[in-house]
Amino acid sequence: MTAISTSPAKRRLRRPPLRVQLTVLYAGLFVLLLAAVLAISGLLVRQGSTNVSGATSHNALFGHHFDVGPAVVAMIAGVIALGVAWWIAGRFLRPLRAMNAAAREISATDLHRRLCLDGPDDELSELGHTLDALFGRLEASFEAQRHFVANASHELRTPLAGIQTLLEVALADPNPNADTLRSVCQEALALSQHQQRLIQALLTLATSERGVEQWEPLDLAQIAETVLAQHTHKAERRGIHIDATLVPARSTGDPRLVELLLANLVDNALRHNTTAGHMEVSTISTQERSTITVSNTGPTIPSDEVERLFRPFQQRGRERIRHADGHGLGLGLAIVQAIAQAHGAEITARPRPEGGLDIDVSFPPSQATDASKP
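Residues numbered from 1 in each chain as written. Predicted model: local features only at pLDDT ≥ 70, side-chain atom pairs only at ≥ 80, totals over all residues. Heavy atoms only, no water.

1. With respect to the overall build of the protein
(1) Moving on: Per the secondary structure count, the protein includes 9 helices and 9 strands.
(2) Moving on: When burial is assessed residue by residue, the protein has 33% of its 374 residues classed as buried.
(3) Moving on: Once local pairs closer than 6 in sequence are excluded, the contacts in the protein between residues at least 24 apart make up 74%.
(4) Moving on: Surface exposure of the protein reaches about 23,400 Å², of which carbon and sulfur atoms provide 59%. (Helix = DSSP H or I, 4+ residues; strand = E, 2+ residues; numbered from the N terminus. Buried < 20%, exposed > 50% of the residue type's maximum accessible area, 1.4 Å probe, protein only. Contact = heavy atoms within 4.5 Å. Areas by Shrake-Rupley, 256 points an atom, 1.4 Å probe, with all protein chains shown as cover.)

2. Digging into a nonpolar patch on the surface
(1) Moving on: A surface patch of nonpolar side chains, about 840 Å² in accessible area, is lined by L25, Y26, L29, V72, I76, I80, V84, W87 and I88.
(2) Moving on: For the nonpolar patch, the secondary-structure elements that each account for two or more residues are α2 (18-50) and α3 (56-109).
(3) Moving on: Among the elements that make up the nonpolar patch, the one with the highest residue count is α3 (6 residues).
(4) Moving on: Looking at the element boundaries, L29 is found in helix α2. (Patch = residues over 30% accessible without salt bridge, like charges linked within 9 Å, V, L, I, M, F, W, Y side chains within 5 Å. Salt bridge = Lys/Arg side-chain N within 4 Å of Asp/Glu carboxyl O.)

3. Focus: the packing of helix α7 (residues 220-238) against helix α8 (residues 255-271)
(1) Moving on: Contact geometry for α7 and α8: axes closest at 9 Å, N-to-C directions at 30°. The angle between α7 and α8 falls in the class roughly parallel. Relative to α8, α7 is oriented so that their crossing is right-handed. For the pair α7 and α8, the contacting residues are L220, I223, A224, T226, V227, L228, Q230, H231, K234, A235 and R238 in the first and P255, V258, E259, L262, A263, V266, D267, L270 and R271 in the second.
(2) Moving on: Grouping the constituent residues of the contact of α7 with α8 by class yields 12 nonpolar, 3 polar and 5 charged. (Axes fitted to C-alpha atoms, helices over the stretch in contact; angles between N-to-C directions. Parallel < 35°, antiparallel > 145°, perpendicular 65-115°, else oblique. Left-handed = near helix turned anticlockwise from the far one by under 90°. Nonpolar A, V, L, I, M, F, W, Y, C, P; charged D, E, K, R; others polar.)

4. Remarks on the sheet that holds strand β8 (residues 346-351)
(1) Moving on: Spatially, 5 strands are ordered β2-β4-β5-β9-β8 in an open sheet, and the strand pairing comes out mixed. Only two strands of the sheet have a single neighbouring strand rather than two, namely β2 (241-245) and β8. Taken pair by pair, the neighbouring strands of this sheet meet at an average axis angle of 10°, ignoring direction.
(2) Moving on: With 6 bridges connecting them, β8 and strand β9 (residues 357-363) associate as antiparallel partners. (Pairing = 2+ DSSP bridges.)

5. With respect to the nonpolar core
(1) Moving on: With 46 residues, the main nonpolar core has L261, L262, L265, M279 and V361 as its most contacted residues.
(2) Moving on: Looking at this core, the elements with two or more residues in it are α6 (178-210), α7, α8, β4 (278-285), β5 (290-296), α9 (332-342) and β9.
(3) Moving on: The leading source of residues in this core is α8, at 9 residues.
(4) Moving on: Other than its neighbours up to four places away in sequence, M279 contacts L228, I240, H241, I242, D243, V266, A269, L270, N273, V294, S295 and N296.
(5) Moving on: In this structure, M99, A102, L111 and F135 belong to the second largest nonpolar core, which totals 7 residues. (Core = buried A, V, L, I, M, F, W, Y, C linked by side-chain atoms within 4.5 Å.)

6. Looking at the environment of S208
(1) Moving on: For S208, the position within the fold is in helix α6.
(2) Moving on: Classification of S208 by relative accessible area gives buried; the value is 1%.
(3) Moving on: Placed 67 residues apart in sequence, S208 and S141 show a C-alpha to C-alpha distance of 9.9 Å.
(4) Moving on: If near-sequence neighbours (up to four positions away) are discounted, S208 is found in contact with L257, I335, A338, I339 and A342.

7. Things to note about the pattern of salt bridges
Pairing between side chains becomes possible if they bear opposite charge and their charged atoms approach one another.
(1) Moving on: With the rule as written, the count across this model stands at 5 salt bridges.
(2) Moving on: Here R271 makes a salt bridge to D267, at a shortest N to O gap of 3.0 Å. Taken as a pair, R271 and D267 lie in helix α8 at a separation of 4 residues, close to a single helical turn.
(3) Moving on: The partner of D360 in a salt bridge is R350, with the nearest N and O atoms 2.8 Å apart. Of this pair, D360 sits in strand β9 while R350 sits in strand β8, and the two are 10 residues apart along the sequence.
(4) Moving on: A relative accessible area of 15% means that D360 is categorised as buried.
(5) Moving on: A relative accessible area of 34% places R350 in the partly exposed class.

8. Thoughts on the confidence of the model for the protein
Reading predicted coordinates in detail is not appropriate for stretches of low pLDDT.
(1) Moving on: When pLDDT is averaged across the protein, the result is 77; 78% of the residues are at 70 or more.
(2) Moving on: With pLDDT under 50 throughout, residues 58-66 is counted as low confidence; its partners more than four residues away or in other chains account for 5 contacts.
(3) Moving on: Predicted confidence for residues 368-372 stays below pLDDT 50, and this span has 7 contacts to residues more than four positions away or in other chains. (pLDDT = per-residue confidence, 0-100.)

9. Quick notes on α7
(1) Moving on: Its 19 residues give α7 an end-to-end C-alpha distance of 26 Å, which sits within 8% of 27 Å, the value for a rise of 1.5 Å per residue.
(2) Moving on: Of the positions making up α7, those classed as buried are L220, A221, I223, A224, V227, L228, H231, K234, A235 and R238.
(3) Moving on: Buried-residue contacts for α7 involve β1 (216-219), β2, α8, β4, β5 and β9.
(4) Moving on: Structurally, the start of α7 carries an N-cap: the backbone nitrogen of A221 is 3.1 Å from a side-chain oxygen of D219.
(5) Moving on: Following α7 by one or two positions, G239 has its phi on the positive side, about 70°. (Expected span 1.5 Å × (residues − 1). Polar contact = N/O pair within 3.5 Å; in protein donor to acceptor, adjacent residues only side chain to side chain.)

Have a look at this one:
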């Protein structure tokens with residue numbers, strides 16, 4: 001005989017709807033309170049009636065008449081309490097039902113929408129703000145994935161095609177010599193290294209767009225000192241003079257991402273500078289913002305093209321913005337933009353009349369560390 005076993009999930013009773021639970025709770029409390037009041041009233045009436053001189057039959061008749069009355073009153077009050085409790089519970093749960101329906105529709109169809117609850121600042125409003133922040137993070141994550149796939153598929157196609165062409169040409173040569181094969185291998189290696197740098201930059205961009213996961217106190221001046229020390233040799237090799245004016249400028253965020261932001265700003269300022277040019281890095285702090293500014297000499301940039309420089313793989317005119325050494329990927333300022341947005345920072349870029357660019361990144365002032373900050 002085979003024993004039939006029921007899993008705990010199947011044996012578990014289904015909980016009644018929350019409206020039913022609240023109705024039973026409200027009505028039950030009211031009925032219990034009413035019963036207690038009637039019982040105490042009856043007890044007081046009986047005690048009072050025993051002190052009054054009169055016939056015993058009168059007391060019995062009075063007690064019998066009083067016992068029926070409270071029961072009828074309790075029944076009527078119980079029915080009324082159930083109706084009122086059902087209405088109160090429905091009215092109380094109406095915003096939750098609306099939030100649930102809206103959240104379900106947003107998650108299924110359109111992550112751009114938000115709940116945007118109006119009303120008093122209570123627990124429901126706080127829940128709505130939390131859900132809006134969650135939808136924002138989900139939207140940013142999905143957008144980062146879409147951008148990553150689109151950019152990777154577009155930019156990796158060229159080096160892969162180049163490697164394929166090199167190998168096909170080498171294989172088609174009936175009498176290849178060592179120098180020819182070495183040249184092919186060197187060109188294929190260069191294209192492979194370019195792919196590695198591109199993939200790393202795309203991963204960095206996707207991570208930056210995903211948002212900040214750990215918030216810590218940081219000082220822009222200290223991070224700038226570290227970044228400048230790492231780029232000193234490159235600046236000296238090109239004869240670029242760096243003038244740094246760094247004062248404490250505290251904020252809150254991910255120090256690793258902020259260091260990456262500054263490294264890309266400094267690298268961009270050096271890469272697109274002129275030989276024996278100049279670069280300035282400064283920090284300043286006010287009650288409202290903590291700001292770092294990176295300025296550099298360089299080619300003249302039209303004001304209507306500045307915004308485009310912060311987009312991934314952007315081109316100026318018909319030429320890709322790429323340095324002569326071939327290492328420019330067109331992702332440096334896009335990474336800066338993504339990290340700044342994740343930290344709630346504002347970017348202001350101004351072309352210099354004599355050539356070059358002034359870039360300000362203004363962060364919110366330092367706050368108490370909050371690992372759950374959206």
